[in-house]
Amino acid sequence: MQTFSTDISDTLQLQGQCFLPGIGLLHIVRSPAEKSYQKNQLTPPSYEIVLDPSVRSAGAAPSIERRMADA
């Protein structure tokens, strides 16, 4: 069985989102650095990969199927 983790990773890095047919939409949620004046702290920016299973069609999102077909 072939894994497509490299294709998924590349699509996420280049496009910020990747549609997985039958599974949903993977996308990156970016949070900027934040300054807390009360605590005198600066929190670093963060990144989180989120799966949204409610998305059932690619629409404008890059699809892993298209990426594999283009390869």
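Structure: see above.
Residues numbered from 1 in each chain as written. Predicted model: local features only at pLDDT ≥ 70, side-chain atom pairs only at ≥ 80, totals over all residues. Heavy atoms only, no water.

> Just checking my understanding: could you explain the overall build of the protein chain for this structure?
Helices and strands together make up the secondary structure of the protein chain, namely two helices and five strands. Going from the N terminus to the C terminus, the protein chain shows its helices and strands as α-β-β-β-β-β-α. The contacts in the protein chain between residues at least 6 apart in sequence include a share of 49% that link residues at least 24 apart. As presented, the protein chain carries roughly 5,400 Å² of accessible surface, and 53% of it is formed by carbon and sulfur atoms. (Helix = DSSP H or I, 4+ residues; strand = E, 2+ residues; numbered from the N terminus. Contact = heavy atoms within 4.5 Å. Areas by Shrake-Rupley, 256 points an atom, 1.4 Å probe, with all protein chains shown as cover.)

> In this structure, what is going on with the side chain of Thr 11? I would like to understand it.
Structurally, Thr 11 can be placed in helix H1 (residues 5-15). We classify Thr 11 as buried; its relative accessible area is 4%. Among the polar contacts listed, one links the side chain of Thr 11 to the backbone oxygen of Asp 7, at a separation of 2.9 Å. (Buried < 20%, exposed > 50% of the residue type's maximum accessible area, 1.4 Å probe, protein only. Polar contact = N/O pair within 3.5 Å; in protein donor to acceptor, adjacent residues only side chain to side chain.)

> What should I look at first to understand the sheet that holds strand E5 (residues 46-52) in this one?
Sheets are built from strands that pair by backbone hydrogen bonding, the pairs being arranged parallel or antiparallel. Taken in spatial order, the three strands make up an open sheet running E1-E2-E5, and their pairing is antiparallel. Unpaired on one side and paired on the other, strand E1 (17-20) and E5 mark the two borders of the sheet. Here the average twist between neighbouring strands, direction ignored, is 20°. With four bridges joining them, E1 and strand E2 (residues 24-31) adopt antiparallel strand pairing. Within E2, the position partnered with Cys 18 by the bridge is Leu 26. Here H1 sits on the sheet and contacts E1, E2 and E5; the angle it forms with E1, its principal contact strand, is near 140°. (Pairing = 2+ DSSP bridges. Axes fitted to C-alpha atoms, helices over the stretch in contact; angles between N-to-C directions.)

> Sorry if this is basic, but what is going on with the environment of Pro 32 here?
Note that Pro 32 resides in the loop between E2 and strand E3 (34-36). On the accessibility criterion, Pro 32 (58% relative accessible area) is exposed. When the C-alpha atoms of Pro 32 and Ser 46 are compared, they prove to be 6.7 Å apart, with 14 residues separating the residues in sequence.

> I keep staring at the pairing of E2 and nothing clicks. Help me out?
Look at any regular strand and the pattern is simple: side chains alternate between the two faces of the sheet. In this sheet, E5 lies alongside E2 in antiparallel orientation, the contact comprising seven bridges. Residue Ser 31 lies in a different strand from E5, and its bridge partner there is Ser 46.

> Any chance you could explain the environment of Gln 41 here in plain terms?
Among the structural elements, Gln 41 can be located in strand E4 (residues 41-43). When neighbours within four sequence positions are excluded, Gln 41 is seen to be in contact with Glu 34, Lys 35 and Ser 36.

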